[in-house]
Amino acid sequence: MRLIDRLVGIGLVVLGAAVMNAARSFPNVPGQQLGASTLPTLVGAGLVICALALIVRSFRPGAYRNAPSQTAQSVESSSGEPVRERIGPPLALIGAVLLYVFVSETAGFLLVAPVCLWIGFTVLGVGLARAIAWSLAASIVVHLVFYKMLKVPLPWGWVPVLY
Amino acid sequence: MDALINAAGLVFQVDVLIVVVLSALYGLFVGAIPGLTATMATALLVPITFFMPPIPAVAAIVTATAMAIFAGDIPSALLRMPGTPASAAYADEAYRMTRKGQAELALGASLVFSVLGGIFGVMVLSFAAPALAEVALKFSSFEYFWLVMLGFTCAIFIAGDDFIKGIIAMLLGLLVASIGLENPAAHPRFTFGVIELIGGIPLIPVMIGMFAVSEVLRYASMRLRPVMAIDRPFGNIFAGTWKLIRTYPKQLLRGATLGTTVGALPGAGADIAAWMSYAISKRFSREPQKFGTGHPEGIVEAGSANNSALGSAWIPALVFGIPGDSITAIAIGVLYLKNMNPGPTLFVENPQNIYAVFMIFFLAQLLMLPLGWMAIKMAKRLLQIPGELLIPIILLFCAVGSFAINNSLFGVIVMLVAGVIAFFMERWGFPIAPTILGVVLGTMLEEHFFSSLVKADGNLAVFFERPIAGALGVVTVLIWLAYALKPFVMKGKTHG
C-alpha cells in the first residue's frame, strides 16, 4: 500500500496540475471575476494538496499500522482457505466488453454477445458445452427483453432482421 | 387527504403491484448471492425502470433494495459471506449461531428485526420529509451550498476511515461532474473535441460501472469456496423471535433510531449504520463477552439499523436532492429521468407522488415477511447457483443497460472506464461513496457555490449570515476542524 500510495499520489499531482493549467483558459462569466474555471481550479488545487499529503504520509513510519483491509468488502472464505486473487478473469471480462463496444455495431448483437459471454464463462471455469449453451440462451433472452420488450435498438449487423 | 387517496390510486394498480412483487423477488435473489450487493441490484434495475412510468420505477427500486439488504443476511448466516456490505457487521455472529444449531433463530431475527427497523425508518421518513420540505422551500443558495458540503463531509469523515483518500475520491467525482457544457459560463470543459462529452458524463452508466461492473471484476478476481454451515432442513424460523423482541426492545429501538439518523445524514447509509449499531450494542450490552460467540443481541440491533437507514436515506434525497446513501444516489438519477426532480417543490406540486413512494415503502416492508420466509426456505438451493454462470450475464446486462440509456455505445465505454476505476479505487483503499456524491452533486454544488459567491460580492461572512445556512456551515467547518486537529490532540495526549 505504501508504494501504491506514492505512485497514485504522483499521478494525482500531475492530474491536479494539468486540471489547473487547463482551467486557466476557461472564460469568466461576463462582468464577474468567476466563471467556468472556478470549480476546476479549486478541484485541481485540492488534488495536488491531498496527493502531496498522501505521498508525505507514505514516508512516515507506522502510517500503515492500523490500515484497513485491502478492499472495503474483502470476503473471507468460510472454509478457512485464503482467497486466491486472479488477474486473468477480470482482464478477460474487460476485453469482452471492449470487443462488444468495437464490434457489436458492425457484426450485430446476436453474433457478438454470445462470443463475449462465452469468453466470460470460459475464463471463470465453465465447461465448453455448458458455456456455449448458456451463451446462446442468455444472449437470446437479453435480446428479447431489451429489443422486443423495451424497444432498445440493439444492432442486427450481419444478422438478418428476424423479428 | 385528496393527495393520500390519489397516492393509493397510483400504488394499488395491478401493474404497480406486479412490479413490486417481481422486484421483491429480484432483490431477494441478488441480495442473497454473495458478492452481488443491494447497490448493484439498484444499478442493474435502472435500465429497466427507464422504460416504466415514474411510480412503478420508484417502486421497483424501493422494494428491491429493502429485500436485498435483508437477503444479504442469508449467506452471512449460512456461509459467513455477507450478501451485501450492510450485513458484514454481524456476518460472523450469525454464522456462529448457525454452527451452534441456531440457524433458524439467526435468520428469523434478521428477518423480523429488518422488518421492524424498516417500518421505523419509513415512519420517520413519512413524518420528517414533508415537514422538512416546508422549511426547505425557504432555502437559498447558501443553505444548499452548505447542505452539499455537509453531504461530502459525512461521506468523507463519518463513512470512511482514511480522510485524505476520501477527499481525493470526492475531488475525482467533482472533476467528472465538471466535464461538459453545464457550468456558469457554458464553456465546454475537458471535452477534448469529443462530441459526446459536451453533454457531460452520463450519470447512469457511471453508476452501473462503479457499483455493478467493479463488483463483477472483484468477484472474477477471487476464487471462493464457501462451505454451507447447515445440512438439515430448516425448522420454524419464527420460533424464538417473539422472545427476542421482549428481551431486547431497547436494542431494537436504539438500532432503529441510530440507523434512521445515520441514514438521514447525506452520504452515510446502511452499511455504516450496521457497523456503528453492532459496536454500540456490544458496548452497552450486559453480556459483551458473548458477542462473537453466536449471540443474537448484536443481530437484533444492527439488523434493525441497516433496514431503518434505507428509508431515512430518502429524506435528504427527496427533500434536497442530496443522496442519503449510494442507493439513493442512483435513485436520484432515476427521479430526474422520470421528471420527478427531487426538491421541496415536489412535495407541493406532486404530493400524491411522494405519498405513493411512502406507501410503497410500507408495502415493501410488509411483503418482506412472507417473501423473506420463502427466501430462507429456498436458501440452500439459491446459494448453490454458480456465480460463474451469473457474472458474465450480469456484465452483458450492464453493457446493454448502459447502451439503452442514450442508445449509444459511449455509455458502455463510460460504464467500463468507471467500473475499472472503481475496482482499482477499492483495491487501493479509496472509498467509492464520495466519488459518486461528487458526480451526482457536482453541478448542484457549482451552481449554488457560484450564485452564493456572486451574492456575497467578496464578503464571505454572508455564507454564515442566514440562521440555517450559518448552523449548517458551522457544523461542517467544526467537523473538518475536529479531524484536522485530531493528530495534534492525540500527540499532545501521548506526550502529556
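Nothing here was measured: the structure is a model prediction, and the numbers come from that model.

Colleague: Looking at this model, I keep getting lost on the overall build of chain A. Mind explaining?
Modeller: Scanning chain A from N- to C-terminus turns up five helices and one strand. Along chain A, from the amino end to the carboxyl end, the secondary structure elements read α-α-β-α-α-α. If you take every contact in chain A between residues at least 6 apart in sequence, the share linking residues at least 24 apart comes to 53%. As presented, chain A carries roughly 8800 Å² of accessible surface, and 69% of it is formed by carbon and sulfur atoms.

Colleague: For this particular structure, what's the right way to read the overall build of chain B?
Modeller: Looking only at helices and strands, chain B features 24 helices and one strand. When its C-alpha atoms are laid out on the principal axes, chain B stretches across 70 × 65 × 55 Å. In chain B, which comprises 496 residues, the proportion classed as buried is 61%. Put simply, chain B shows about 18200 Å² of open surface, and 67% of that area lies on carbon and sulfur atoms. Measuring between centres, the 29 positive side-chain charges of chain B sit 13 Å from its 26 negative side-chain charges.

Colleague: Can you help me understand helix α3 (residues 38–49) of chain B in this one?
Modeller: Residue pairs spaced three or four apart in an α-helix point in one direction, given the helix's 3.6 residues per turn. Between the first and last C-alpha of α3 of chain B there are 16 Å, a value that for twelve residues agrees with the 16 Å anticipated at 1.5 Å per step. Among the twelve residues of α3 of chain B, eleven are classified as buried, and the element is accordingly described as predominantly covered. Those residues of α3 of chain B that fall on the buried side of the exposure criterion are A38, T39, M40, A41, T42, A43, L44, L45, V46, P47 and T49 of chain B. The inward-facing, buried residues of α3 of chain B contact α5 (128–149) of chain A together with α2 (14–32), α4 (54–71), α11 (203–220), α17 (326–337) and α21 (387–406) of chain B.

Colleague: Where do I start with the nonpolar core in this structure?
Modeller: Soluble, globular proteins show a tendency: their nonpolar side chains are buried together. Counting 165 residues, the largest nonpolar core has Y100 and F109 of chain A together with W314, F347, V412 and M415 of chain B as the members making the most contacts within it. Ranked by size, the runner-up nonpolar core spans 55 residues in total, among them Y90, M97, A274 and I299 of chain B.

Colleague: Would you take a moment to explain the environment of V414 of chain B for this structure?
Modeller: Residue position: V414 of chain B is located in helix α22 (residues 409–427). For V414 of chain B and T42 of chain B, which are 372 residues apart along the polypeptide, the C-alpha to C-alpha distance reads 18 Å.

Colleague: Would you explain the interface of chain A and chain B in this entry?
Modeller: Buried accessible area, meaning the area lost when the parts come together, often serves as the stated size of an interface. Listed per partner, the contact involves 71 residues of chain A and 70 residues of chain B. Across the chain A/chain B interface, buried area totals approximately 6400 Å², and carbon plus sulfur atoms make up 76% of it. The salt bridge involving D162 of chain B is made with R57 of chain A; its shortest N-O contact spans 2.8 Å. Our enumeration of links across chain A and chain B arrives at six residue pairs in polar contact (both at pLDDT 80 or more). Contributions of two or more residues to the side of chain A that touches chain B are made by α1 (2–23), α2 (38–58), β1 (84–85), α3 (88–107), α4 (109–123) and α5 of chain A. Ranked by residues supplied to the side of chain A that touches chain B, first place goes to α2 of chain A with twelve residues. A per-class count over the side of chain A that touches chain B returns 48 nonpolar, 14 polar and nine charged.

Colleague: I keep staring at the pattern of salt bridges and nothing clicks. Help me out?
Modeller: Where side chains of opposite charge bring their charged atoms close, a pairing between them can arise. Throughout the structure, instances matching the rule amount to nine salt bridges over all chains. Salt-bridge contacts for D5 of chain A lead to K165 of chain B; the nearest nitrogen and oxygen are separated by 2.9 Å. Taken together, the residues span two chains, with D5 of chain A in helix α1 and K165 of chain B in helix α9 (residues 163–177). By the burial criterion, D5 of chain A is buried, and K165 of chain B matches it. For E446 of chain B, the salt bridge is made with R189 of chain B, and the minimal N-O distance between the two is 2.8 Å. Separated by 257 residues along the polypeptide, E446 of chain B in helix α23 (residues 433–456) and R189 of chain B in the loop between α9 and α10 (195–198) bring together distant segments of the chain. Comparing E446 of chain B with R189 of chain B, the two get one shared label, buried. Each of D5 and R57 of chain A together with D162 and K165 of chain B takes part in one network of salt bridges that share partners.

Colleague: Whenever I open this one, the packing of α11 of chain B against α21 of chain B confuses me. Can you help?
Modeller: In helix packing, the relevant descriptors are the interaxial angle and the interaxial distance, both defined with respect to the helix axes. Residue and element names in this part refer to chain B. Across the interface, α11 lies against α21 with an axial gap of 10 Å and an inter-helix angle of 165°. With respect to each other, α11 and α21 are oriented roughly antiparallel. Regarding α11 and α21, the two cross each other, and that crossing is left-handed. For the pair α11 and α21, the contacting residues are I204, P205, I208, A212, V213, V216 and Y219 in the first and G387, I391, I394, L395, C398, G401, S402 and I405 in the second. Across the contact of α11 with α21, the residue classes break down as twelve nonpolar, three polar and no charged.

Colleague: Help me understand the packing of aromatic side chains, please; the structure alone is not making it clear to me.
Modeller: What describes a pair of aromatic rings is the distance from one ring centre to the other and the angle between the planes of the rings. The tally for this structure, following the rule as stated, stands at 22 aromatic pairs over all chains. Both rings, one in Y147 of chain A and one in W156 of chain A, keep their centres 5.2 Å apart while their planes meet at 80°; by these two values the pair is edge-to-face. Judged by centre distance (6.0 Å) and plane angle (70°), the rings of Y147 of chain A and Y163 of chain A are edge-to-face. Linking Y147 of chain A in helix α5 with Y163 of chain A in the segment after α5, this pair joins segments that are 16 residues apart in sequence. Grouping aromatic residues by their ring pairs yields a cluster made of F142, F145, W146, F449, F463 and F464 of chain B. Directly above the ring of F284 of chain B sits R283 of chain B, whose terminal nitrogen or CZ lies 5.4 Å from the centroid.

Colleague: Can you walk me through the environment of I272 of chain B in this structure?
Modeller: Position of I272 of chain B relative to the elements: it lies in helix α14 (residues 270–284). Linking I272 of chain B and A309 of chain B, residues 37 residues apart in sequence, is a C-alpha distance of 9.4 Å.

Colleague: I tried to follow the state of the cysteines on my own but got confused; where do I start?
Modeller: Two cysteines whose sulfur atoms are joined by a covalent bond form what is called a disulfide. Per the stated rule, a full pass over the model turns up zero disulfides over all chains. With no disulfide of its own, C398 of chain B has C116 of chain A as its nearest cysteine by sulfur position, at a separation of 13 Å.

Colleague: I keep staring at helix α1 (residues 2–11) of chain B and nothing clicks. Help me out?
Modeller: All names here are of chain B. For α1, the set of buried residues is A3, A7 and V11. What you see down the axis of α1 is that its buried residues fit within an arc of 70°, all on one side. Set apart from the buried face of α1 by more than 90 degrees, the exposed residues are D2 and I5. Taken together, the buried residues of α1 touch α2 and α19 (351–377).

Colleague: It is not clear to me how the packing of α3 of chain B against α21 of chain B should be interpreted in this structure. Could you clarify?
Modeller: Residue and element names in this part refer to chain B. Where α3 contacts α21, the two axes come as close as 8 Å, and the packing angle between them is 45°. Our classification of the angle between α3 and α21 gives oblique. You can see that α3 and α21 cross each other, and the crossing is left-handed. Residues M40, L44, V46, P47 and I48 of α3 form the contact with α21, whose participating residues are I394, F397, C398, G401 and I405. Residue composition of the contact of α3 with α21, by class: nine nonpolar, one polar and no charged.

Rules of the game
- Residues numbered from 1 in each chain as written.
- Chains lettered and ligands numbered in written order.
- Predicted model: local features only at pLDDT ≥ 70, side-chain atom pairs only at ≥ 80, totals over all residues.
- Heavy atoms only, no water.
- Helix = DSSP H or I, 4+ residues; strand = E, 2+ residues; numbered from the N terminus.
- Contact = heavy atoms within 4.5 Å.
- Areas by Shrake-Rupley, 256 points an atom, 1.4 Å probe, with all protein chains shown as cover.
- Buried < 20%, exposed > 50% of the residue type's maximum accessible area, 1.4 Å probe, protein only.
- Lys, Arg positive; Asp, Glu negative; His and termini not counted.
- Charge placed at Lys NZ, Arg CZ, Asp CG, Glu CD.
- Expected span 1.5 Å × (residues − 1).
- Core = buried A, V, L, I, M, F, W, Y, C linked by side-chain atoms within 4.5 Å.
- Buried area = accessible area lost by both parts, 1.4 Å probe.
- Salt bridge = Lys/Arg side-chain N within 4 Å of Asp/Glu carboxyl O.
- Polar contact = N/O pair within 3.5 Å; in protein donor to acceptor, adjacent residues only side chain to side chain.
- Nonpolar A, V, L, I, M, F, W, Y, C, P; charged D, E, K, R; others polar.
- Axes fitted to C-alpha atoms, helices over the stretch in contact; angles between N-to-C directions.
- Parallel < 35°, antiparallel > 145°, perpendicular 65-115°, else oblique.
- Left-handed = near helix turned anticlockwise from the far one by under 90°.
- Phe/Tyr/Trp six-rings, centres within 6.5 Å; stacked < 30°, edge-to-face > 60°.
- Lys NZ or Arg CZ within 6 Å of the ring centre and 35° of its normal.
- Disulfide = S-S within 2.5 Å.
- Arc of directions from axis to C-beta.

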